[in-house]
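# Structure assessment
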Amino acid sequence: MSTTRAAPAPSSPRSAPRRGRSADDRRLTWRDRLYRFDLRYLPYLMVAPFFLLFIVFGLFPLLYNGVVSLRNYRLDDPTLPYWAGFENFGKLVGDEDFWNALYNTFGIFLLSSVPQLLLALVVAALLNRRLRAQTWWRVGMLLPYVTPIVASTMVFSVFFSRDFGMANWVLGLVGLGGPDDPIDWRADKLHAWIAVATMVNWKWIGYNALLYLAAMQSIPRDVYEAAAIDGAGPWKQLWRITVPMIQPVVLFTVILSTIGGLQLFTEPMLFDPNAQAATGGPNGEWQTIAQLIYKVGWKDLNLGYAAAMSWALFLIILIVAGINYLLTNRLSGGGNR
């Protein structure tokens, strides 16, 4: 009886003996490894310089400033006890200069940020229409923004001069002042606030208007045509259609103007003829918190107290920015969604 031998089962690829890889296989493996490295690690290496610079020049100074705010850090008296605890923060409550600077900061902030954003919306709505020399007008709106802030502030300081300033000359043309009764823009709080706020508005209205214009470009024209058919005029279209549809950009500009307005330094600093004193006028008529921090830290040499002021300003900015965000979100219709 003859027996037939079963053919051996084909060996699986795993059970096959490993043979030497060819040069093509090795090259393919190297490419795979390079691709994986490029996909997984290269993005982190590309952004690593930013985080290193942020840690060195951003995070470390912020943390060190927090430590300094808890110290008796006076450059003119190194014999004081090292730690002060929360004494510097408690000192702010009874500091009249701090409350005066806070009052001035909020006054200038309201006179600058509110008209600034409202006028920027109106200007953006006008630029969004079909105009002759449209590109020229849009580029022209950026000229105040690209002008160096020191140069523009020095020009405005002369513009608001009491005796020879053009501001009084212009007001005299409409019967609000003149050579016989000039306005001293540095004599009281209200006029000084208006002068400083005018500098801020002149610089930032065009920048915010172009941000709004870029957002308006994404709104379909059919929406405005339908609104016009229903009888909505340009003003109603702006507040009922445009503003709700560009709400994210409006919130961005509100927060940005809040941060910049409460940190105002250069304009009030250079508006004072005696800028080195950083007093914001003879009696602190327009001295902001940023000016006061500079004065306390580098004129009075009390760095610990100045650091505590800077942290107080940081908390104030967070609170005001949060309130502005909620109010703007509700007024623009975001709370009804």
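Here is what the cut-offs are and how they apply
Residues numbered from 1 in each chain as written. Predicted model: local features only at pLDDT ≥ 70, side-chain atom pairs only at ≥ 80, totals over all residues. Heavy atoms only, no water. Helix = DSSP H or I, 4+ residues; strand = E, 2+ residues; numbered from the N terminus. Buried < 20%, exposed > 50% of the residue type's maximum accessible area, 1.4 Å probe, protein only. Lys, Arg positive; Asp, Glu negative; His and termini not counted. Salt bridge = Lys/Arg side-chain N within 4 Å of Asp/Glu carboxyl O. Polar contact = N/O pair within 3.5 Å; in protein donor to acceptor, adjacent residues only side chain to side chain. Contact = heavy atoms within 4.5 Å. Phe/Tyr/Trp six-rings, centres within 6.5 Å; stacked < 30°, edge-to-face > 60°. Axes fitted to C-alpha atoms, helices over the stretch in contact; angles between N-to-C directions. Parallel < 35°, antiparallel > 145°, perpendicular 65-115°, else oblique. Left-handed = near helix turned anticlockwise from the far one by under 90°. Nonpolar A, V, L, I, M, F, W, Y, C, P; charged D, E, K, R; others polar. Core = buried A, V, L, I, M, F, W, Y, C linked by side-chain atoms within 4.5 Å. 1 Å grid on protein atoms, 1.4 Å probe; cavity = no way out; pocket = protein on both sides within 12 Å on 5 of 7 lines; lining within 4 Å. Points joined across faces, edges and corners; volume = space filled by probe spheres on them. pLDDT = per-residue confidence, 0-100. Expected span 1.5 Å × (residues − 1). Arc of directions from axis to C-beta.

On to the side chain of D95, then. Assignment of secondary structure puts D95 in the loop between α3 (87–93) and α4 (96–127). Within the buried core, D95 has no salt-bridge partner, and the shortest N-O distance to an opposite charge, that of K91, equals 6.6 Å. Engagement of the side chain of D95 in a polar contact is seen with the side chain of Y305, the distance being 2.5 Å. Apart from residues lying up to four places away in sequence, D95 is in contact with Y305 and M309.

Under the definition given, this model contains 20 aromatic pairs. Aromatic side chains F271 and W286 sit 5.1 Å apart centroid to centroid with 65° between the ring planes, which places their arrangement in the edge-to-face category. Of the two residues, F271 sits in helix α13 (residues 266–271) while W286 sits in the loop between α13 and α14 (289–299), which places them 15 residues apart along the sequence. Each member of the pair, F271 together with W286, is buried.

Structurally, S257 can be placed in helix α12 (residues 247–262). Residue classification places S257 among the buried residues on the basis of a relative accessible area of 10%. Aside from chain neighbours lying at most four places away, what touches S257 is F109, S113, Q116 and L117.

To continue, consider the packing of helix α9 (residues 189–216) against α12. Where α9 meets α12, the axes come as close as 10 Å, and the angle between the chain directions of the two elements is 165°. With respect to α12, the element α9 is oriented roughly antiparallel. Of the two elements, α9 crosses α12, and the hand of that crossing is right-handed. Residues Y207, N208, L211, Y212 and A215 of α9 form the contact with α12, whose own contacting residues are V249, V250, F252, T253 and L256. Across the contact of α9 with α12, the residue classes tally to eight nonpolar, two polar and no charged.

Buried together is how nonpolar side chains tend to be arranged in soluble globular proteins. If you look at the biggest cluster of nonpolar residues, it comprises 20 residues, and the most contacted ones within it are L121, A124, Y212, M216, I246 and V250. Other than its neighbours up to four places away in sequence, V250 contacts Y212, V243 and T328. Formed by 18 residues, the second largest nonpolar core is a distinct cluster that contains L92, L292, A312 and V320.

Under the definition given, this model contains one cavity of 30 Å³ or more. In this structure, the largest cavity spans a volume of roughly 30 Å³. Forming the walls of the largest cavity are I149, S152, T153, F156, M199, K203 and E267. Looking at the lining of the largest cavity, the elements that each hand over two or more residues are α7 (149–159) and α9. With four residues, the single largest contributor to the lining of the largest cavity is α7. Broken down by class, the residue content of the lining of the largest cavity amounts to three nonpolar, two polar and two charged.

Below, the discussion takes up the confidence of the model for the protein chain. Per-chain confidence: the protein chain averages 86 in pLDDT, with 89% of residues scoring 70 or above. Overall, residues 11–17 carries pLDDT values under 50, and its contacts beyond four positions in sequence, including any with other chains, amount to zero contacts.

To continue, consider unusual backbone geometry. Look at A278: it is not a glycine, yet its phi comes out positive at around 55°. With respect to the helices, strands and loops of the structure, A278 is situated in the loop between α13 and α14. Its relative accessible area of 1% is what places A278 among the buried residues. You will see that L301, though not glycine, has its phi angle at about 65°, which is positive. Relative to the helices and strands, L301 is located in the loop between α14 and α15 (303–331).

To continue, consider α12. Residues spaced three or four apart along an α-helix face the same direction, because each turn holds 3.6 residues. The first and last C-alpha atoms of α12 sit 23 Å apart over 16 residues, in line with the 22 Å expected at 1.5 Å per residue. Within the span of α12, buried status applies to Q247, V250, L251, T253, V254, S257, T258, G261 and L262. Buried residues of α12, viewed axially, fall in a sector of 165°; they line one side. Buried residues in α12 make contact with α4, α9, α11 (234–245) and α15.

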